[in-house]
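Listed below, chain by chain, are the residues.
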Amino acid sequence: MSDRSGTPRAELTEDPDLPPTAVPDDVREAEERRWPPTKIAVWAAIALLGGVAWSVLALSRGETINAIWFVFAAVCTYLIAYRFYSKLIERKLVKPDDRRATPAEYKADGKDFAVTDRRVLYGHHFAAIAGAGPLVGPVLAAQMGYLPGTIWIVVGVVLAGAVQDYLVLFFSMRRGGRSLGQMARDELGVVGGWAAVIATLTIMVIIVAILALVVVNALAESPWGVFSVAMTIPIALFMGVYLRFLRPGKVTEVSVIGFVLLILAIIGGGVVAETEWGVALFTIDRVPLAIGVIVYGFIAAVLPVWLLLAPRDYLSTFMKIGTIVMLAVAIVIVRPEIAGPAVTQFAVEGTGPVVAGTLFPFLFVTIACGALSGFHALISSGTTPKLVEKERQTRFIGYGGMLMESFVAIMALVAALSIDRGIYYAMNASAAVTGGTIEGAAAFVNGLGLTGVNLTPEQLAQTAENVGEESIVSRTGGAPALAVGLAQIMQGLVGGPGMMSFWYHFAIMFEALFILTAVDAGTRVARFMLQDSVSNFVPRFRDTSWRTGSYIATAIMVGAWGAVLVMGVTDPLGGINTLFPLFGIANQLLAAIALAVCLAIAAKRGLFSWLWIIALPLAFAAVITIYASFLKIFSPVPAVGYFAQHAAFRDALAAGETSFGTAASVEAMQAVVRNTMIQGILSILFVSLAIIVIVTAVISVIRSYRRGSDESSEDAFVPSRRYAPAGLVPTKAERELEQQWADVPDDSRVRSGH
Amino acid sequence: MTVLEGLARGARGVAWFVKGVMGEDAYDKYLAHHTATHPGVPPMTAKQFWRDRTDRQDANPGARCC
């Protein structure tokens, strides 16, 4: 068989002095096809347990469901999908070749390109893809009931999200770690490439803005939260100085110190929030807080990385892995009971107070991260492909890493579902409908007509007191509701009810930490993308060390997301309700772009009979986002359609009214008129760009079909000089080969000259 | 003493994993690479390496996900 990319036969180029660099295909396949009775029994048990768990979730009509069934359903499905579906993708579509050196090997520089142990890289990749997204989306989608969200998170990741991450990682690795934008330009031509770059840039702005909105909503009027999150800045600065001047390279040590300081900041926040000066100083309204975040965003993005971003990164990686392990353990041990219907009336009628719109399509844009997240394509085509040791490991890292993020989303959903439903709605409905008071919230929630929900103002006051807040009414954005859920689960494991306020602020703190890191890094990345694009017209901008240019580019990017953020906090409708769908749409459109690029690449490889593996999630993401955008643009229902809302408020203003719907003043009405116009235009822009990218990808596929395969965009074949197993646990053949390599001296693995 | 040995091995494994994920082994990896490919050229010191690492990040920050 001749190699598609016209590379020499690997056997001829392999070093005869070294052991084989791959398990021979026939040995590996024989191993995979061997099904001893114990293996059959194990997989049958997994399938059976998963089936039972799904049946319990789908058919249970009892009062409550134990959270452990969510864990079983998800984990069993992940295992089966990983073992069987991702293997199918590997065999039919990816076709990795371990005899081929990865960029980490042939481009090794000991810095950006460096061979990394697969288990370490798994942790590293997971820490880079998981953030606040999978924690927030499922909380908001819980209003549609527990079943739709669970099915989408689990089935979506298996068929869409993990497929995207895996393929982008592999294709980028075959291209020396090229970015998604560069791959789009290579595969889709000038028009498709440019559309992808502009879409990525604007999507990044939207995502950063809405993440920032989540933080602002969580911290507004919470002196405890503001104090402890503000303290992360001096803590990070201290860590930065420590690493730069005192003990360079002691990363784990400084992270442990930083973690202890963070805990002290949380405890200190509780004390400060009790004092009069603390309340006076740290109780900040949404608008000034948003301006604070914008100013912080600019300063953070122009400061040197070592001072703020690098230490923050260490801290959030440390917190991320620690907290997620802790939450998983807590859910399994505490096993909270979940009440509420499988599917709520809001899913059908689209009148939910948390996010507007019916299940189809809005469930699929509300939960983006955790099921399918386009943003991951930027990570999978960024750092990770430059660190992979062997080609076959991309399945474990790309597909497996995304399964773990999906599990985080399931845990967030469980945490949100475990809180009292009345409290959940009181926290997530905008102040425009609850009035911001416990009495108003109780009246509003009881008026929703939910069976089994009878909320009293005392319950709301009691919960607020338990978590150490003045009020928990209308704390929209998902983060506070998740924090209450998490606090309830964690207090069952450590500390009891007295610890609830600590755990609540612990959760707020780590979400804010992830988000502020993402805001900082997102602004920087967007700035470089902007400079790169503008440099085509003004060459001076290519020089990224040019101070004035970088300040201008940073100011433009911060200004862009800052404007959307201010729009969100001043929106009389509550911001999250109208803007969160835009976040999901943007993220899914990016996923559609990434999948379109993968589709074009796979078609160039000539794999037409297996293209459905990519076409299926691509078609779904395209239908969801285009339909959701269509509704956002054309729906005549003001709560859903941006222009319908725009027209309703404009007409009201024209009729001389001074209050309309949820807006109590003329200024608020004007704000709605302005915001809906901008949001509507953004929707049109996104959907147009995505359609351009998808169409150019389809054209490229048709061209490949006519012309035959052509894989010229891959880097040339370089024979590998090292070996490592593919998955977490090595197989027998892999262990034997690893053993042979154990005796090879290190320097014969290094290629001479580079 | 096998239980103790097992525990010690497990603890070493966790430490290795955490340090790897945090990137603490970056200098060791650089040093190994440098001595193998550029024998005779003095490598950067640890301090120089870590400075260089964050300074390179200034020009290429890399996205963090949402």
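The structure displayed is predicted, hence computed values, not measured ones. (Residues numbered from 1 in each chain as written. Chains lettered and ligands numbered in written order. Predicted model: local features only at pLDDT ≥ 70, side-chain atom pairs only at ≥ 80, totals over all residues. Heavy atoms only, no water.)

**Digging into the overall build of chain B**
Counting its regular elements, chain B contains three helices and zero strands. Secondary structure elements of chain B occur, N-terminal to C-terminal, as α-α-α. In summary, chain B has a C-alpha radius of gyration of 17 Å against a globular reference of 11 Å for 66 residues, an excess of more than 25%. Once the C-alpha set of chain B is aligned to its principal axes, its extents read approximately 50 × 45 × 20 Å. Here chain B holds 66 residues, and the buried ones make up 30% of them. Counting every atom, chain B has about 3,900 Å² of accessible surface; 63% of that belongs to carbon and sulfur. One way to put it: in chain B the 9 positive side-chain charges average out to a point 2 Å from where the 7 negative ones average out. (Helix = DSSP H or I, 4+ residues; strand = E, 2+ residues; numbered from the N terminus. Rg over C-alpha atoms; globule rule 2.2 N^0.38 Å. Buried < 20%, exposed > 50% of the residue type's maximum accessible area, 1.4 Å probe, protein only. Areas by Shrake-Rupley, 256 points an atom, 1.4 Å probe, with all protein chains shown as cover. Lys, Arg positive; Asp, Glu negative; His and termini not counted. Charge placed at Lys NZ, Arg CZ, Asp CG, Glu CD.)

**What about helix α6 (residues 118-129) of chain A?**
All names here are of chain A. In this model α6 runs 16 Å from its N-terminal to its C-terminal C-alpha over twelve residues, within 8% of the 16 Å that 1.5 Å per residue would give. Counted residue by residue, α6 has ten buried out of twelve residues, so it is predominantly covered. By the burial criterion, the buried members of α6 are Arg118, Val120, Leu121, Tyr122, Gly123, His125, Phe126, Ala127, Ala128 and Ile129. Residue Asp117 occupies the N-cap position of α6, its side-chain oxygen lying 2.9 Å from the main-chain nitrogen of Arg119. (Expected span 1.5 Å × (residues − 1). Polar contact = N/O pair within 3.5 Å; in protein donor to acceptor, adjacent residues only side chain to side chain.)

**As for the interface of chain B and chain A**
Of the residues lining the interface, 34 residues belong to chain B; the matching set on chain A comes to 59 residues. Carbon and sulfur atoms make up 64% of the area that chain B and chain A hide from each other, which totals about 3,700 Å². Contact with chain A buries surface across chain B, with Met22, Arg64 and Cys66 of chain B losing the most and accounting together for 22% of the total. Where chain B packs against chain A, one counts four salt bridges. With a shortest N-O distance of 3.6 Å, Asp55 of chain B and Arg244 of chain A are connected by a salt bridge. When contributions to the side of chain B that touches chain A are tallied by element, the ones reaching two or more residues are α1 (2-22), α2 (26-37) and α3 (46-59) of chain B. Here the residues of the side of chain B that touches chain A are counted per class, giving 16 nonpolar, seven polar and eleven charged. (Contact = heavy atoms within 4.5 Å. Buried area = accessible area lost by both parts, 1.4 Å probe. Salt bridge = Lys/Arg side-chain N within 4 Å of Asp/Glu carboxyl O. Nonpolar A, V, L, I, M, F, W, Y, C, P; charged D, E, K, R; others polar.)

**Thoughts on the nonpolar core**
Residues and elements named next belong to chain A. Counting 249 residues, the largest nonpolar core has Ile89, Tyr399, Trp561 and Leu565 as the members making the most contacts within it. Top element by residues in this core is helix α9 (residues 180-219). It accounts for 24 residues. Residues within four places of Ile89 in sequence aside, it is in contact with Val94, Val163, Tyr166, Leu167, Tyr399 and Ile613. (Core = buried A, V, L, I, M, F, W, Y, C linked by side-chain atoms within 4.5 Å.)

**Section: the packing of α9 of chain A against helix α29 (residues 666-707) of chain A**
Each pair of packed helices can be described by the angle between their axes along with the distance between the axes. All names here are of chain A. In contact at an axis separation of 9 Å, α9 and α29 are set at 150 degrees when each is read in the N-to-C sense. Judged by the inter-axis angle, α9 sits roughly antiparallel to α29. At the point where α9 passes α29, the crossing takes the left-handed sense. On the side of α9, the interface is formed by Glu187, Leu188, Val191, Gly192, Ala195, Ala196, Ile198, Ala199, Thr202, Ile203 and Ile206, while α29 contributes Leu682, Leu685, Phe686, Leu689, Ile692, Val693, Thr696, Ala697 and Ser700. In the contact of α9 with α29, the residues fall into 15 nonpolar, four polar and one charged. (Axes fitted to C-alpha atoms, helices over the stretch in contact; angles between N-to-C directions. Parallel < 35°, antiparallel > 145°, perpendicular 65-115°, else oblique. Left-handed = near helix turned anticlockwise from the far one by under 90°.)

**Considerations on the packing of aromatic side chains**
All names here are of chain A. Under the counting rule described, the total for this entry stands at 34 aromatic pairs over all chains. Plain terms: the ring middles of Trp152 and Phe364 are 4.9 Å apart, the flat faces sit at 80 degrees to each other, and that makes the pair edge-to-face. Of the two residues, Trp152 sits in helix α8 (residues 146-174) while Phe364 sits in helix α16 (residues 359-366), which places them 212 residues apart along the sequence. Neither residue differs from the other here; Trp152 and Phe364 are each classed as buried. Taking the centre distance of 6.2 Å and the plane angle of 70 degrees together, the rings of Phe360 and Phe364 count as edge-to-face. Of this pair, Phe360 and Phe364 both sit in helix α16, four residues apart, roughly one helical turn. An aromatic cluster is defined as three or more aromatic residues linked by ring pairs; in this entry it consists of Trp152, Phe360, Phe364, Phe620 and Tyr627. (Phe/Tyr/Trp six-rings, centres within 6.5 Å; stacked < 30°, edge-to-face > 60°.)

**Quick notes on the packing of helix α14 (residues 309-334) of chain A against helix α23 (residues 479-493) of chain A**
Residue and element names in this part refer to chain A. Taken N-terminus to C-terminus, the directions of α14 and α23 make an angle of 70 degrees; their axes are 9 Å apart at the nearest point. One finds that α14 runs roughly perpendicular with respect to α23. Mapping the contact onto sequence places Met326, Leu327, Ala330, Ile331, Ile333 and Val334 in α14 and Leu486, Ile489, Met490, Gly492 and Leu493 in α23. Taken together, the residues of the contact of α14 with α23 sort by class into ten nonpolar, one polar and no charged.

**Brief notes about α29 of chain A**
Its 42 residues give α29 of chain A an end-to-end C-alpha distance of 62 Å, which sits within 8% of 62 Å, the value for a rise of 1.5 Å per residue. Positive phi appears at Gly708 of chain A, one or two residues downstream of α29 of chain A, with a value of about 90 degrees.

**Focus on the environment of Ser550 of chain A**
Residue and element names in this part refer to chain A. Note that Ser550 resides in helix α25 (residues 547-570). Through-space distance from the C-alpha of Ser550 to that of Ala301 is 9.7 Å; in sequence the pair is 249 residues apart. Among residues more than four places away in sequence, those in contact with Ser550 are Arg527, Gln531 and Thr544. Polar side-chain contacts of Ser550 include one of 3.0 Å to the backbone oxygen of Arg547.

**Quick notes on the environment of Ala230 of chain A**
Position of Ala230 of chain A among the secondary structure elements: in helix α10 (residues 223-246). Along the sequence, Ala230 of chain A and Ala615 of chain A sit 385 residues apart, while their C-alpha atoms lie 45 Å from each other.

**Quick look at unusual backbone geometry**
Phi is mostly negative for residues that are not glycine, and the peptide bonds are mostly trans. Residues and elements named next belong to chain A. Of note, the amide linkage connecting Phe360 to Pro361 takes the cis form, showing an omega dihedral of 10 degrees. Mapped onto the elements, Pro361 comes out in helix α16. For Glu221, which is not glycine, the phi dihedral falls at a positive 55 degrees. For Glu221, the location among the structural elements is in the loop between α9 and α10. For Ser474, which is not glycine, the phi torsion reads 55 degrees and is therefore positive. Following the sequence through the fold, Ser474 ends up in the loop between α22 (457-466) and α23. Note on Ser474: relative accessible area 15%, which makes it buried.

**Overview of the pattern of salt bridges**
Residue and element names in this part refer to chain A. Overall, the coordinates contain 31 salt bridges over all chains when judged by the stated rule. One salt bridge in this structure joins Glu714 and Arg174, with 3.3 Å as the shortest N-O distance. Placement of Glu714 in the loop between α29 and α30 (732-742) and of Arg174 in helix α8 is noted, with a sequence separation of 540 residues between them. A residue is classified by how much of its surface remains accessible, and Glu714, at 9% relative accessible area, is buried. Classification of Arg174 as buried rests on a relative accessible area of 7%. Of the charged contacts in the structure, one is a salt bridge between Arg475 and Glu469, with a shortest N-O distance of 3.2 Å. Of the two residues, Arg475 and Glu469, both sit in the buried class. What you see here is one network of salt bridges that share partners, running through Asp25, Arg28, Glu32, Lys87, Glu90, Arg91, Arg392 and Arg395.

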